[in-house]
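# A look at the structure
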Amino acid sequence: MAKILDSVDQRTQLVGENRLELLLFRINATQLFAINVFKVKEVVKLPVLSAMPGSHPHISGVANIRGSSIPVIDLRAAIGFQPMSDDQESNLIITEYNRSVQGFRVGKVEHIVNMTWGDILPPPKSAGANNYLTAITRIEIGGQTQLVSIIDVEKVLAEIIHYDIRLSEGVLDESLVSEMPGRRVLIADDSSTARRQIKETLEPLGIEVLETSDGLQALNVLKKWCDQGKTIEDEILMLITDAEMPEMDGYKLTHEIRTDKRMSDLFITLNTSLSGSFNNAMVEKVGCDRFISKFQPDLLVDVVQQRLREIV
């Protein structure tokens, strides 16, 4: 099992080329699910778990992995199925999202597939607003095409971990408060949970949030304004983009913006659950102005204020 992720460092180089690799797994006998390899730290057989009294019902317990205590989430239960039974084959996918480490209890772990973001599609609208998917794709296995559902991990975690959107004391610059009403920001993020968090943080300050759910949608909005002869900086204060999205990732989106003279000066913030120094390197490489981790309202307001100070 350990060998399945023995070259994750090399695989992260796909980010920025509008490519990704998915770790495929099952939580039942028939359906394939996936998460991005870049967010996976390790895959192990499910160890003996210690009980966590008073925890969320979807938390199966705590795993001790080389001296670290990691909460284990029953992913099957968390996305609306019956909880996994003790006699089922169980593996633990250890992930890092939003500066926290957690494990997801799943069934059989299949393998890793290399994809382009162009192969990744939004969930069908018929799935409804309450589904736990950010995207779907199709792959060939044994000569047959199979549907793969990509889990919205941010939504799963937000329902288990409380994210406080209140601003810390002293974060809001009172000298800029009057500059915020009427400003607009464009966001590109495939997670409805992440988009909602941005809106709930910025809209009380009078900032209008324009939503798109992938990089290509955002690029099309910007190009439309340019084609209409509009100045991008007059339309929006900034773009806040996720890194991983169907159709076009945030790095590719930034590259496209920077190479179009009509919009090349747009202020771009990468807002992502991906962690580590790799993101900082990618920000510098593709030309983002700022990188912030998701679900940190203080940082979100700080970057807005940074931009306002540059233009007022």
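All of these numbers come straight from a predicted model, not from anything done at the bench.

### Some thoughts on the confidence of the model for the chain
Across the chain, the average pLDDT comes to 87, with 90% of residues at or above 70. Per-residue pLDDT, averaged within each element of the chain, yields its smallest value for helix α1 (residues 8-11) (42) and its largest for strand β11 (residues 184-188) (98). Within the model, the stretch residues 2-12 combines pLDDT values under 50 with 22 contacts to residues more than four positions away or in other chains.

### Let's talk about the pattern of salt bridges
The final tally for this structure, using the stated rule, is 21 salt bridges. The partner of Asp227 in a salt bridge is Arg262, with the nearest N and O atoms 2.7 Å apart. Taken together, the positions of Asp227 in helix α5 (residues 215-227) and Arg262 in the loop between α7 (250-258) and β14 (268-272) put the pair 35 residues apart, joining distant regions of the chain. The exposure class of Arg262 is partly exposed, given its relative accessible area of 40%. Through salt bridges with shared partners, one network takes in Glu154, Asp189, Asp242 and Lys294.

### Some details on the sheet that holds strand β4 (residues 59-65)
In space, the five strands of this open sheet follow the order β3-β6-β7-β5-β4, with mixed pairing throughout. Each edge of the sheet is formed by a strand with only one pairing partner; in this case those strands are β3 (40-45) and β4. Sheet twist, expressed as the mean angle between neighbouring strand axes with direction ignored, is 30°. With respect to the sheet, helix α3 (residues 153-160) is in contact with β4, β5 (68-74), β6 (91-97) and β7 (100-106), its orientation differing from that of β7 by roughly 105°.

### Observations concerning the sheet that holds strand β1 (residues 19-25)
Read across the sheet, five strands follow the order β8-β1-β2-β10-β9 without closing on themselves; strand pairing throughout is mixed. The open sheet is flanked by β8 (109-116) and β9 (133-141), the only strands paired with a single partner. Going across the sheet, the axis of each strand differs from the next one's by a mean of 35°, ignoring polarity. Here β1 runs beside β8; their pairing, made up of six bridges, is antiparallel.

Procedures and definitions
Residues numbered from 1 in each chain as written. Predicted model: local features only at pLDDT ≥ 70, side-chain atom pairs only at ≥ 80, totals over all residues. Heavy atoms only, no water. pLDDT = per-residue confidence, 0-100. Helix = DSSP H or I, 4+ residues; strand = E, 2+ residues; numbered from the N terminus. Contact = heavy atoms within 4.5 Å. Salt bridge = Lys/Arg side-chain N within 4 Å of Asp/Glu carboxyl O. Buried < 20%, exposed > 50% of the residue type's maximum accessible area, 1.4 Å probe, protein only. Pairing = 2+ DSSP bridges. Axes fitted to C-alpha atoms, helices over the stretch in contact; angles between N-to-C directions.

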